Amino acid sequence: MRGSSKNELVPSKPPRMNGWSWPPQVFQVVGWLVYGYLAVVSFGIYIPLLPLPWNHVLYSLTGIAFIVHFFSHVAAVTIDPADASVRAKQSYSTPMPLFDRTKQSHVIQDLHCYLCDVKVGPKVKHCGVCNKCVEDFDHHCKWLNTCVGSRNYWCFFVALSSATLGVFLLVVVILFIFIQHYLDPNSLRTAPQFDNTLGNGTWLVFLPLAPIKTSSAGLLILAFVTVMLSISCLLLLCHLLGFHFYLFYKGISTYDYVKMQRQKEARNRDIEAGKATDAKTHDKAPQNQESPIDCEPALSQSSSTCKMDNKGPLSSRLSESICTELENFRKSSEKENSFHYGTENPIQNTEREMSMSDIKNWKPDTDEETQSPSVKSVDRVPGVQDPLGSSVMTPDDS
């Protein structure tokens, strides 16, 4: 935290007491409108068309679901989820500093909230939207326009469950009426008010209190629109309800789940960054490695060659240095073993030539009788070197 006290923050709007605090959320208004529409369509149009005794059964089940949802929804919105220490201050009308994530890294430190200026429990979180500390914070619900904590969580869960049940029953009723309208429309016209209508193309809605005539096409179009809306709501409600059952199984809250997901994503990003760094290092490593040296001196009468793989400046200089030393060593050896005009023993010269041609198969023999005639002749005749230095001459050759 950059500041040591809340005095360094600029005061702003007062905290929200509950979901009725102004201004309302868009999702909150949409939720109430959808609830009212589905209630009117259910109890005013489609459930009265069901034959006995199914209409009474659906009146009871759907009515209970909608009534329970209404009261639990109102209770979840009305209850203040703030921590007890915050509610004890009774200062909701006093402006408080607005939580700014760009300036404050931690609002609560050492179980003390620097915005609410109160001591809080270990499971308390300061909600930036409501601008207050919430006891056992679960999440901030835009449909309720308030936070969900330990004080109103069960009201929220009951409202969610009852809404799922009520919408499911409505979808079943509309699909039944849609199918029966083509298979057996008379089974849907059991109400006494249908006795005064002529033809099967005329239908009555808002039975039995205020019957209004409508056409078959209007009834089916309204049924299609309602079932599409109901299925969309049912998918969202089932997803949210299943998620909270999963949280029950894990024994965690929505906020804990979000924190774990963020930590997991951060670890994955660190792993990917480490792999990218290793890949770059691996790509640069072959360029800095020393190249292998392949020196192949060819011992010949005139010159020698030194071959190398040049893959880098360091390796090139090292290879040239090694090959130069080998070349100098070869030249010095040649100077020491070069021909001496008229002073070298011809037998030693012959042995050196044999070692150069086939040193592996040559074996020295001390017996003079096994020596070749050429060698014996050379021993008897004083050797004279050819001026060209290529062979040994005898007096007969000259």
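Residues numbered from 1 in each chain as written. Predicted model: local features only at pLDDT ≥ 70, side-chain atom pairs only at ≥ 80, totals over all residues. Heavy atoms only, no water.

The chain appears in an unreviewed UniProt entry as Palmitoyltransferase from Lates japonicus. Per its UniProt entry, the chain bears the Subcellular location (unreviewed entry) comment "Membrane". (UniProt positions renumbered as here; feature names shortened; annotations may be inferred.)

Some points on the UniProt feature "transmembrane region" (unreviewed entry) in the chain
Sequence positions flagged by UniProt for "transmembrane region" (unreviewed entry) are, in local numbering, residues 26-47, 59-79, 153-179 and 217-249. Secondary structure within residues 26-47 divides into 95% helix and 0% strand; the distance between the first and last C-alpha atoms comes to 30 Å. Helix makes up 100% of residues 217-249 and strand 0%, with an end-to-end C-alpha separation of 47 Å. (Helix = DSSP H or I, 4+ residues; strand = E, 2+ residues; numbered from the N terminus.)

As for the environment of Arg189
Summarising the element assignment, Arg189 is placed in the loop between α4 (153-183) and β8 (202-205). As for Arg189 and Leu204, which are separated by 15 residues in sequence, their C-alpha atoms are 8.9 Å apart. Here the side chain of Arg189 touches Thr202 through a polar contact of 2.8 Å, landing on its backbone oxygen. (Polar contact = N/O pair within 3.5 Å; in protein donor to acceptor, adjacent residues only side chain to side chain.)

Some thoughts on the confidence of the model for the chain
For the chain, the mean per-residue pLDDT works out to 76, and 64% of the residues sit at or above 70. Within the model, the stretch residues 1-11 combines pLDDT values under 50 with 24 contacts to residues more than four positions away or in other chains. Within the model, the stretch residues 338-398 combines pLDDT values under 50 with 38 contacts to residues more than four positions away or in other chains. (pLDDT = per-residue confidence, 0-100. Contact = heavy atoms within 4.5 Å.)

Observations regarding the packing of helix α1 (residues 26-46) against helix α2 (residues 54-78)
Where α1 contacts α2, the axes come no closer than 11 Å and their chain directions differ by 160 degrees. Here α2 runs roughly antiparallel to α1, going by the angle between their axes. Pair α1 / α2 crosses with left-handed handedness. Seen from α1, the contacting residues are Gln28, Trp32, Tyr35, Leu38, Ala39, Ser42 and Phe43; seen from α2, they are Tyr59, Thr62, Gly63, Phe66, His69, Phe70, His73, Val74 and Val77. Per-class residue counts for the contact of α1 with α2 are 10 nonpolar, six polar and no charged. (Axes fitted to C-alpha atoms, helices over the stretch in contact; angles between N-to-C directions. Parallel < 35°, antiparallel > 145°, perpendicular 65-115°, else oblique. Left-handed = near helix turned anticlockwise from the far one by under 90°. Nonpolar A, V, L, I, M, F, W, Y, C, P; charged D, E, K, R; others polar.)

Observations concerning the pairing of β8
In the sheet, β8 pairs with strand β9 (residues 212-215) via four bridges, with the strands oriented antiparallel. Looking across to β9, one finds that Trp203 is bridged to Thr214. (Pairing = 2+ DSSP bridges.)

A short note on α1
Here α1 is 21 residues long and its end C-alpha atoms lie 29 Å apart, about the 30 Å a rise of 1.5 Å per residue gives. Looking at the buried residues of α1, the elements they touch are α2, α4, β8 and α5 (216-250). (Expected span 1.5 Å × (residues − 1).)

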